[in-house]
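Chain by chain, the residues run as shown.
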Amino acid sequence: MRDPSVTDIHKHLVLVGHGMVGQRFLEALTERAPGAWRITVLAEEARPAYDRVHLTSWFSGTTADELSMWPEGFAQSHGIDLRLGDPAVRIDRAARTVTSESGAEFPYDALVLATGSYPFVPPVPGHDAQGCFVYRTIEDLEAIRSWADTARTGTVVGGGLLGLEAAGALRALGLDTHVVEFAPRLMALQVDDGGGAALRGKIEELGVTVHTAAGTQAIEAGADGRVASMALSNGEVLATDLVVFSAGVRPRDQLARDCGLPVGERGGIVVDTACRTADPRIQAIGECALAADGRVYGLVAPGYAMAEAAAADLAGLEGSFTGADTSTKLKLLGVDVASFGDAHGTTEGSLEVLYSNSREGVYKKLVVGADGSLLGGVLVGDAEAYDMLRPLATSAAALTVPPEQLVLPASIGTAPGPIALPDEAVVCSCHNVTKGAIRAAVTDGGCADVPAVKKCTRAGTGCGSCVKALGTIVADELAAAGVQVARGLCEHFAHTRAELFEIVRVKGITTFSRLIDEHGTGEGCDVCKPAVGSILASLNAELGNSVHILDGEQAALQDTNDHFLANLQRNGSYSVVPRVPGGEITPEGLIAIGEIARDYGLYTKITGGQRIDMFGAAVDQLPHIWERLVAAGFESGHAYGKALRTVKSCVGETWCRYGVQDSVALAIELELRYRGLRAPHKLKSAVSGCARECAEAQSKDFGVIATSAGWNLYVGGNGGMTPRHADLLVSDVDRETLMRTIDRFLMFYIRTADRLERTAPWIERMEGGLDHLRAVVVDDSLGICAELDELMARHVETYEDEWRATLQDPDRLRRFVSFVNAPGTPDPTVRFVPERDQVRPAREDEDGNTLRPALVAGPRLEVRTR
Amino acid sequence: MCRYDDLAPGRGVAALVEGQQVAVFRDRSGAVYAVGNRDPFSGAQVISRGIVGSRAGAPVVASPMYKQAFDLRSGRCLDEECAPDGSPAALPVWPVLLTPAEPARAGDVAPPNGAPHERETGRS
């Protein structure tokens, strides 16, 4: 342990390198020793730390901002001086200073090197020709994408994890793609020959040509200096316009070498278990370090563990890194690949259990110790069992089932599930959280669900691969503790909204009365009534009910907003929002709205959803206002309902210099298709005409972004209190596929979500998450797509404008009176005062004008102009 | 004040009685309640637009503004004791008098069969 007095307030710490590990170190240090260090960070790249593990997702639309791991306000709240684009160039250990490229000198009391690694480029002739790239930073990816615009064939040198990711990216960029691997198989480090063969088969199916046992001998450039071909050691010559080197990485230890710190034979700054170098003031963490076990780790989880160890040491706490689990699970070009523990069976006396099915492209191997414990394994084509097998392997506990059961397909074998794990098994290897810690969070920490456990233990917040296992453990623990999770809607129904939906649908129940009499108790309340009202509204057409939400008994179920088809405001008046599909409105439309607002003295404001909200209407005025709006061609905007609100759009390719598709036309089409659709919560949408995303589609429940090849559909985004970016559901689809996918997504949501559950928490809660959702709505894994399609077709067919229909029916209009015994008399307590040339509700201590009772022409409130 | 028919089951209306605003409700069983229309939490006259239901057997209305439930028999708020201004969170209550319908007015159509359609609420 370091002398705690080192953590003196005036001490200065310099961190060299701001990658994922550097950032994790900052988080760990500021958490363990807040305010103890003045921190300067010298970073080479022009942007703060970002998620390099998911770098490839940049090609499918994840922005640099989304990849960023630098929380807003982090620097300010911890007094960190982050110097981007100014790398350290020299360390003077005697003077204890670091000099940066700009010439600035930083004295240090503690220095942490997190310089990472650099891609190894084989020193073959022509390796620096134009069109040769590495795959490490966002800038590298930008360069590859722009070069790919004029290329037809791309070659990746290196068939490891990153190389295959790069190959996938080139494939997605439309290039004829080759992978050249020196070793006799792909992913030589992680998988064995059998796994490599299965992987190769799968990848070749995708149209990538694989060359193994082939070295790169030379790269030939054309007369223009651009790469033209590559000669391989097996005599082959590949014509190629683009080369990506992904042949491994080397530790960036030059700074340490230059100041005389010991480095390993094959690179890497030598550190002890507290990540200290030979100079006790200097630590090294992550890929630049040669760990105490003599290995250089190129994975993020061990890097994180080193960052934690170094931070603990600096905080005067016990912390050590003695080696790490290098298990990996990933999806390469759509193929699941996992490798864990002693994957190559190097342990003395170990045995192998194998399942191989080349028809399905599945290969599974388990390495079992002589004592019957699981040591490691390789999974290709189906890595479902990884979450459970990896912790089993690292815990060294004896297997409770025969190992062959663990590799057989689910239909034949029986997976034991995470309940069979011992407490010391590490479930989340990103954050090193054991099953015991998760159980303790539930039993002692009072966490009642997965989100709470994630927050408390950080489990599942790294790569996310363990979330499913996490869910099972939490559920089992809650059940074991006898915790009755009240799932019902309210005291009147023990059913969830999704269950009620199925009851209504299957039994054809058309009224709340019948539903509560047969399946509930009491009289209902403001929770279950609107929820059932929404279910009935979604199914009305199916059930043969009137589709109007104010008809019959349904009227009594609606919240006040739905009941008056307007939005209740704080003083008891209402606001009115006509639909403006896609935000496109004619001058005549604007004038009509303006005239109506003026004639009724309404306050007007532009909404975030590209429409106009008119405030301050009394209930008696609503039909009059709507009579004029309907006459001017407007219809209900459903701003009052748990229903589709707007489909926002940017102006698109029609006008915009950058647009690649007509976003306005699509937005209008979507808005007209889904208008009036009742849902568990409000639904928002947007369409952007290009990747610049001016319509902010990724913050919507369903958002569409144009690509040059079609449309990308994102789902599960929202703004509000807990903002969340939407996830990519399908990409580059045509208009019909897009519509069909959205139809199913929405209907599946309406059928299965909880009351007032937006799409984002619905997807997060869903077992299997986005992948499951995609399986249901794209691959029809539940066989319900025909039903979903049918429900949506019925909705589209039977849509009617609620306001137009209300105006045509005296019975529906009866409710729009201020007082049952004095209709037309405005509420005398609703008063307004002028402000900025419009009206606003008077505060209690203010006088103000009430609405005038003359209703036929509409009252006009005198507004003083300044 | 109004005809019984003006009251939809599970819904309320507002009435103006000697300058006071009264919220009148009819529940699913046909019972009628009259309470003050002013929501003590927002100060707005909106109670009549709330949803009628039950809580642990008691007939309640939920304010449409911030959703507090009030017992329709006593006016007592079941969720909070005090309004933001410190006053007790309760609605005034009035007894309800149902009287037989007056002879049909011109244009009225007599309901085909007797009660409850022929009743009218009296002045509170």
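Conventions and cut-offs
- Residues numbered from 1 in each chain as written.
- Chains lettered and ligands numbered in written order.
- Predicted model: local features only at pLDDT ≥ 70, side-chain atom pairs only at ≥ 80, totals over all residues.
- Heavy atoms only, no water.
- Domains from an automatic or database assignment.
- Contact = heavy atoms within 4.5 Å.
- Buried area = accessible area lost by both parts, 1.4 Å probe.
- Salt bridge = Lys/Arg side-chain N within 4 Å of Asp/Glu carboxyl O.
- Polar contact = N/O pair within 3.5 Å; in protein donor to acceptor, adjacent residues only side chain to side chain.
- Helix = DSSP H or I, 4+ residues; strand = E, 2+ residues; numbered from the N terminus.
- Nonpolar A, V, L, I, M, F, W, Y, C, P; charged D, E, K, R; others polar.
- Buried < 20%, exposed > 50% of the residue type's maximum accessible area, 1.4 Å probe, protein only.
- Lys, Arg positive; Asp, Glu negative; His and termini not counted.
- Pairing = 2+ DSSP bridges.
- Right-handed = clockwise from strand over helix to strand, strands pointing away.
- Axes fitted to C-alpha atoms, helices over the stretch in contact; angles between N-to-C directions.
- Left-handed = near helix turned anticlockwise from the far one by under 90°.
- Phe/Tyr/Trp six-rings, centres within 6.5 Å; stacked < 30°, edge-to-face > 60°.
- Lys NZ or Arg CZ within 6 Å of the ring centre and 35° of its normal.

1. Notes on the domain arrangement of chain A
Stage number 1. When cut into domains, chain A gives domain 1 (4-118 + 251-314), domain 2 (132-247), domain 3 (327-416), domain 4 (418-485) and domain 5 (497-558).
Stage number 2. The centre of domain 3 of chain A, based on its C-alpha atoms, is set 49 Å off from the matching centre of domain 5 of chain A.

2. A short note on the interface of chain A and chain B
How big an interface is tends to be stated in terms of accessible area lost as the parts join.
Stage number 1. Between chain A and chain B, the contact holds 36 residues from the first and 29 residues from the second.
Stage number 2. Summing the contributions of chain A and of chain B, the shared interface buries around 2,600 Å²; its carbon and sulfur component is 50%.
Stage number 3. It is E523, D526 and V820 of chain A that lose the most area in chain A upon contact with chain B, and together they represent 22% of the buried surface on that side.
Stage number 4. Linking D6 of chain B and R814 of chain A is a salt bridge whose minimum nitrogen-to-oxygen distance equals 3.8 Å.
Stage number 5. Between chain A and chain B we count 17 residue pairs in polar contact (both at pLDDT 80 or more) in total.
Stage number 6. Mapped by element, the contributors of at least two residues to the side of chain A that touches chain B are α15 (512-519), α16 (528-543) and α17 (560-564) of chain A.
Stage number 7. For the side of chain A that touches chain B, the class distribution of residues is 13 nonpolar, 14 polar and 9 charged.

3. Quick notes on the side chain of R815 of chain A
Residue and element names in this part refer to chain A.
Stage number 1. Mapped onto the elements of the fold, R815 is located in the loop between α26 (810-813) and β37 (831-835).
Stage number 2. Within the buried core, R815 has no salt-bridge partner, and the shortest N-O distance to an opposite charge, that of D551, equals 6.2 Å.
Stage number 3. Here L550 takes part through its backbone oxygen, which lies 3.4 Å from a polar atom of the side chain of R815.
Stage number 4. Each residue touching R815, except ones within four places of it in the same chain, is listed here: L550, A555, H563 and F564.

4. Section: the pattern of salt bridges
Residues and elements named next belong to chain A.
Stage number 1. Counted according to the given criterion, the structure contains 58 salt bridges over all chains.
Stage number 2. One salt bridge connects R751 with E502, and the closest N-O pair in it is separated by 3.1 Å. Taken together, the residues span a long stretch of sequence, with R751 in helix α21 (residues 735-752) and E502 in helix α14 (residues 497-507) at a distance of 249 residues.
Stage number 3. On the basis of relative accessibility, which here comes to 8%, the residue R751 falls in the buried class.
Stage number 4. Between D727 and R724 there is a salt bridge whose closest N-O contact spans 2.8 Å.
Stage number 5. Put simply, E835, R836, R840, R843 and E846 are held in one network by salt bridges that share partners.

5. Observations concerning unusual backbone geometry
All names here are of chain A.
Stage number 1. At A213, a position not held by glycine, the phi torsion is positive, near 50°.
Stage number 2. Within the secondary structure layout, A213 lies in the loop between β12 (209-211) and β13 (216-221).
Stage number 3. Despite not being glycine, D732 shows a phi value in the positive range, around 55°.
Stage number 4. Counting through the fold element by element, D732 comes out in strand β36 (residues 727-733).
Stage number 5. Overall, the relative accessible area of 43% leaves D732 in the partly exposed class.

6. Comments concerning the pairing of strand β1 (residues 12-16) of chain A
Residues and elements named next belong to chain A.
Stage number 1. Taking burial as the measure, the 5 residues of β1 include 5 buried ones, the bulk of the element.
Stage number 2. Judged from the 5 bridges that link them, β1 and strand β2 (residues 38-42) form a sheet pairing that is parallel. Its bridge partner lying in β2, L13 is registered against I39.
Stage number 3. In terms of handedness, the path from β1 via helix α1 (residues 20-32) over to β2 forms a crossover that is right-handed.
Stage number 4. Looking at chain direction, β1 and strand β7 (residues 110-113) are connected through 4 bridges and run parallel. If you follow L13 over to β7, its bridge partner there is A110.

7. Digging into the sheet that holds β1 of chain A
Residues and elements named next belong to chain A.
Stage number 1. Taken together, the 5 strands give an open sheet; going across it, the order is β3-β2-β1-β7-β19, and neighbouring strands pair in parallel fashion. Of all strands in the sheet, those with a lone pairing partner are β3 (80-83) and β19 (282-284), marking the two edges. Each neighbouring strand pair of the sheet contributes to a mean axis angle of 15°, computed without reference to strand direction.
Stage number 2. Contacting β1, β2, β3 and β7, α1 runs over the sheet at an angle of about 155° to β1.
Stage number 3. The strands touched by helix α8 (residues 300-314) within the sheet are β1, β7 and β19, with β19 carrying the most contacts at an inclination of about 160°.

8. Observations concerning the sheet that holds strand β34 (residues 702-707) of chain A
Residue and element names in this part refer to chain A.
Stage number 1. Read across the sheet, 5 strands follow the order β32-β33-β34-β35-β36 without closing on themselves; strand pairing throughout is mixed. Either end of the sheet is taken by a strand with one partner, and the two such strands are β32 (644-649) and β36. Each adjacent strand pair in this sheet contributes to an overall mean axis angle of 15°, direction not counted.
Stage number 2. As paired elements, strand β33 (residues 683-688) and β34 share 4 bridges and run parallel to each other. Following the sheet pairing, S688 is matched in β34 by I705.
Stage number 3. Helix α20 (residues 663-674) contacts β32, β33, β34 and β35 (710-715) of the sheet and is inclined by roughly 175° relative to β32.
Stage number 4. Sitting on the sheet, helix α23 (residues 769-777) touches β35 and β36, and the angle it makes with β36 is about 40°.

9. What to know about the side chain of K365 of chain A
Stage number 1. Position of K365 of chain A among the secondary structure elements: in strand β24 (residues 362-368).
Stage number 2. Reaching out from K365 of chain A, the side chain makes a polar contact with the side chain of D192 of chain A at a distance of 2.9 Å.

10. Examining the packing of α1 of chain A against α8 of chain A
Residues and elements named next belong to chain A.
Stage number 1. As a packed pair, α1 and α8 sit with axes 8 Å apart at the nearest point and diverge in direction by 35°. In this structure, α1 crosses over α8, and the sense of that crossing is right-handed. Every residue of α8 that contacts α1 at M20, V21, R24, F25, A28, L29 and R32 is listed here: V300, G303, Y304, A307, E308, A310, A311, A312 and L314.
Stage number 2. Of the residues assigned to the contact of α1 with α8, the class counts are 12 nonpolar, 1 polar and 3 charged.

11. Focus on helix α4 (residues 138-148) of chain A
Stage number 1. Every buried residue belonging to α4 of chain A is among I138, D140, L141, I144, W147 and A148 of chain A, and all of these are buried.
Stage number 2. In the core, the buried residues of α4 of chain A are packed alongside α2 (64-67), β9 (132-134), α5 (161-172) and β16 (242-245) of chain A.

12. Comments concerning the packing of aromatic side chains
Stage number 1. Within this structure, the stated rule accounts for 16 aromatic pairs over all chains.
Stage number 2. Taking 6.0 Å as the distance between ring centres and 70° as the angle between the ring planes, the aromatic pair formed by F340 of chain A and Y386 of chain A counts as edge-to-face. Pair noted here: F340 of chain A is in strand β22 (residues 335-341) and Y386 of chain A is in helix α9 (residues 386-395), with a separation of 46 residues, a long-range link.
Stage number 3. F340 of chain A gets classed as buried once you look at its relative accessible area, which sits at 0%.
Stage number 4. What makes Y386 of chain A buried here is its relative accessible area of 4%.
Stage number 5. Judged by centre distance (5.6 Å) and plane angle (65°), the rings of F748 of chain A and W762 of chain A are edge-to-face. Note that F748 of chain A is positioned in helix α21 and W762 of chain A in helix α22 (residues 759-765), a separation of 14 residues in sequence.
Stage number 6. Looking at F748 of chain A, the relative accessible area reads 6%, which means it is buried.
Stage number 7. Overall, W762 of chain A belongs to the buried group, its relative accessible area being 2%.
Stage number 8. Taken together, F564, Y574, W626, W803 and F816 of chain A form an aromatic cluster joined through their ring pairs.
Stage number 9. The positively charged end of R49 of chain B is found above the aromatic ring belonging to F564 of chain A, 5.9 Å away from the centroid.

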